[in-house]
Structures are given as structure tokens and as C-alpha cells.
Amino acid sequence: MKQISMFLAGILMLAMLSATGQETYKEGQSKTNNPAFQTRDFYPVKTYPEKVKGKRPKNIILLIGDGMGADHVFAGITANGGKLFLDNFRHIGFSKTQSADKYITDSAAGGTALATGVRTYNGAISVDVNRKPLKTILEEAEAQKLATGLVSTSAITHATPASFIAHQGARSSYEAIAADFLKTDIDVFIGGGYKHFADREDGRNLIEELEKNGYQVLQDMHAITQVNSGKLAGLTAPEHNPRVAERGDNMLPQAVRTAVRILSNNKKGFFLMVEGSQIDWGGHAMNTIYVVEEMLDFDRAIGEALDFAARDRETLVIVTADHETGGMSVTGGNLYTGMVQGSFTSDDHTAVMVPVFAWGPGAEEFMGIMDNTDVHKKMKKLLLK
Ligand code: MG
Ligand code: ZN
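Residues numbered from 1 in each chain as written. Chains lettered and ligands numbered in written order. Predicted model: local features only at pLDDT ≥ 70, side-chain atom pairs only at ≥ 80, totals over all residues. Heavy atoms only, no water.

### Regarding the side chain of Thr 258
Then, number 1: Mapped onto the secondary structure, Thr 258 falls in helix H11 (residues 251-263).
Then, number 2: Note on Thr 258: relative accessible area 1%, which makes it buried.
Then, number 3: With residues near it in sequence (within four places) discarded, Thr 258 still touches Ile 190, Ile 224, Thr 225, Val 227 and Leu 232. (Helix = DSSP H or I, 4+ residues; strand = E, 2+ residues; numbered from the N terminus. Buried < 20%, exposed > 50% of the residue type's maximum accessible area, 1.4 Å probe, protein only. Contact = heavy atoms within 4.5 Å.)

This is how it looks when you write it as C-alpha cells:
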């Protein structure tokens, strides 16, 4: 009896200790390590009339906010005084993000599902569960003579963009992923990752090989924005681009504008994937300011896509995520000042559905609850023969 009561007292003490520990941790998260996003200058958001030509798009621009759940979007809405470019979208659904082997996906399996329509294991870059390569929508578009492009704020060899062009059993095979770019005829890619092309264990110099294949290889963002035609490899950082404040020059929106200008030279149409990579990293860091800054940058990239699509009227713009990151919750804010407070339940990805927004010809296909693989199937049905 005495032993049992001592045992129970011990358990009680442990429980109290861990509860106090958790409280302190939470306090630290919300008040010290995770300050609110504060007032900034709001950017103007345009409204675009969705007047489309025909039922099927000639071009698709797929924008992936890595880790972007509904709370990340609403944090952005609040931070810009109540309105984002995303407010233009009228056709909205939800995507279920589970991978073949895990309830909670990573960006490799999540990217592969969007790129190929097949669920695979976490870590896989467009190979199936038996490590067999899967054709991506970018490769299929290229086979039908459409122009193709990838834009990312991470390294262009990182999981999300890699899933659209490479076939590797492991997402960490950056040099092999870079070499896979040379097996395709991609027209434009802009992102970090220079060293995976230039400084390699196998001694190949993929920069020279790209130039031999007719690519303009540029590292300076201003020079990249001056390109109007031809093939472009924009490698803007040795590895990942830095956070939005340091990467400067509106890197992502300008990269989107440049890519669209080049790709739209192709009269048959184009497929472009754009990634706001670091919304995810803000979630992993459980850092509201990081999430909001990257969310607003991504939204301005969406604005560039809409600006082209509204003039062109044959472009379908899709905005979605590969998964949610951080279990983010908007716990406070002010629509007049743009202040946002966030809280996080995880420093990793979560299982929840993510939003799907569509604008342009075929947009009505993307309503309701769907699987992430359905996003690929719908894009393929609409864009390809
Ligand atoms: Mg990513
Ligand atoms: Zn992540």
C-alpha cells in the first residue's frame, strides 16, 4: 500500500513537472521566440475579371506554396490589410495529402503526387514504391511540344521542383537530380542550387553542358529579368536562396514574370510550376514572421501569374500546397494595422487537407474535396491531348 501511494505520488510529481515544462515552452514560443508579425506597407491587390476563351487552357501555371495551409493564407490576408491576390479565385477545393506509406507526407512524395498523379513513399522523387520512374506532367507537356519551366525560392534541385523533372529514389541525391535536368528539354528554370551543377563529385560541369545545349546560364537576378526568349537556366544562389528580405529584388515575382514572358513565346502553350518554398521553413521554425513574409511574397508571385492569365485568357492558374506545416493557427491579428499573431502545434508537417485555388479555363474542375493525385489528373486532362 505504502509502495503504491509513493508510486502514485511519483507519477503526480512527474505530471506536474511536465505540465510546468510545457507551459514554459509555450510561453517561450508565443512571447519570446515567435513574435507577432507587425505593421508593414500594404501592397495593392488588383481584381481580375475571369473572362476566358474556351473550356480548355493552352497554358497552366501551377503555384505550390510548400507547407501552406488555410491559416498561412489567412495570416497573409490579415498582414496585407484584408486582401490578397488569392482573393481573385472563385473555384476553391481541398486536397488530401497522404503519401503511399505515411499519414503525413513529405515534400518529395507530395510533389510527386502533384507532378505524376501517383502516391509514393516519403523521400521519393517521381519514382513509384518500386523505384520505377513515373512520367511527370512537365515531361508529358514537353513531349507534346509545349514549353516548360520551373521556378523556386529553394534550390531548384530541392524536393518540390525536383519532383517535376527528376527521377531519384532519394530526395537528398541533389547532384543526380541536377544531372536529370540535362536529360530533359526544359526551357526555363530559375532557383538556387548552382553548386549542384558546378561543383560535383563526378567531376561533370553541368554549367558547361547547359551552355552547350543552348542555355543562357545566369546567376544575377537583374540579368535574368532581361531575358526575353531562348533557353534560360537562372541559378540565383549556391544552394537555397535566402529569406525574402535578403534575396531582394522581388526575386520570386520577377522570376515568374520572366519565365512566363519566355514560355509564352511557344504558340502551342506551356506548363510552368512555381514554388513558394520557404512558407514551409517558416512553419518548421514555428516562426510567424517568417511564414507571413514568405506568404506575401508567394501571393505577389500569384499576382504575376494572374496578370498574365487575365490578358491571355487561355491560361489556367492553380494554387495549392503539398501539405500543411506547423499546425499553424492564427491566434490574433488586426486587419487595419496588418499585425498577425500565430501559434504552432508542431515543428513538422501535419496531415490536414490543404486548399486548392483555380482561376481560368477549366477552373471549375478543382472544386470540392480531392486527392492530391487528382490535381495532376485534372491538369493532364485539361492541358494535354
Ligand atoms: Mg519545397
Ligand atoms: Zn517541410
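Having seen the model, we can carry on.
### Section: the coordination of the magnesium ion (ligand 1)
Then, number 1: Distances from the magnesium ion (ligand 1) to its protein donors, Asp 66 (OD), Thr 160 (OG1) and Glu 275 (OE), fall within 2.0 to 2.2 Å.
Then, number 2: Along the chain, the residues donating to the magnesium ion (ligand 1) fall in the pattern D-x93-T-x114-E. Here Asp 66 is found in the loop between strand E1 (59-65) and helix H2 (70-79), whereas its partner Glu 275 is found in strand E7 (residues 270-276), with 209 residues between them in sequence. In terms of burial, Asp 66 and Glu 275 fall into one category: buried. (Donors = N, O, S within 2.8 Å, 3.2 Å for Na, K, Ca; no water.)

### Re the side chain of Asp 322
Then, number 1: Secondary-structure assignment places Asp 322 in the loop between strand E8 (315-320) and strand E9 (324-325).
Then, number 2: It is Arg 171 that comes nearest to the buried, bridge-free Asp 322 among opposite-charge side chains, at 7.5 Å.
Then, number 3: A distance of 2.9 Å separates polar atoms of two side chains, one belonging to Asp 322 and the other to Ser 107.
Then, number 4: In this structure the side chain of Asp 322 is engaged in a polar contact, spanning 3.4 Å, whose partner is the side chain of His 323.
Then, number 5: The contacts of Asp 322, once residues within four sequence positions are left out, are Ile 64, Gly 65, Asp 66, Gly 67, Thr 97, Thr 105, Ser 107, Gly 110, Gly 111, Leu 114 and Thr 160. (Lys, Arg positive; Asp, Glu negative; His and termini not counted. Salt bridge = Lys/Arg side-chain N within 4 Å of Asp/Glu carboxyl O. Polar contact = N/O pair within 3.5 Å; in protein donor to acceptor, adjacent residues only side chain to side chain.)

### Brief notes about the coordination of the zinc ion (ligand 2)
Then, number 1: Distances from the zinc ion (ligand 2) to its protein donors, Asp 280 (OD), Asp 280 (OD), His 284 (NE2) and His 349 (NE2), fall within 2.0 to 2.3 Å.
Then, number 2: Angles of 57 to 151° at the metal separate the 4 donor atoms of the zinc ion (ligand 2), which places the site in the irregular class.
Then, number 3: The motif formed by the donor residues of the zinc ion (ligand 2), counted along the single chain, is D-x3-H-x64-H. Note that His 284 is positioned in helix H12 (residues 279-284) and His 349 in strand E12 (residues 349-350), a separation of 65 residues in sequence. (Tetrahedral: all angles 85-135°; square planar, octahedral: opposite > 155°, others 65-115°.)

### What to know about the sheet that holds E7
The pairing of strands in a sheet happens through backbone hydrogen bonds and is either parallel or antiparallel.
Then, number 1: The strand order E5-E6-E4-E3-E7-E1-E8-E13-E2-E14 describes an open sheet built from 10 strands, whose pairing is mixed. Whereas interior strands pair on both sides, the edge strands pair on one side only; in this sheet they are strand E5 (215-218) and strand E14 (368-371). In this sheet, neighbouring strand axes are inclined to one another by 15° on average, regardless of whether the strands run parallel or antiparallel.
Then, number 2: Of the strand pairs in this sheet, E8 and strand E13 (residues 354-359) are connected by 3 bridges, and their pairing is antiparallel. Each bridged residue has a counterpart across the sheet, and for Ile 318 the counterpart in E13 is Ala 358.
Then, number 3: The strands touched by H11 within the sheet are E1, strand E3 (147-155), strand E4 (188-192), strand E6 (231-235) and E7, with E7 carrying the most contacts at an inclination of about 175°. (Pairing = 2+ DSSP bridges. Axes fitted to C-alpha atoms, helices over the stretch in contact; angles between N-to-C directions.)

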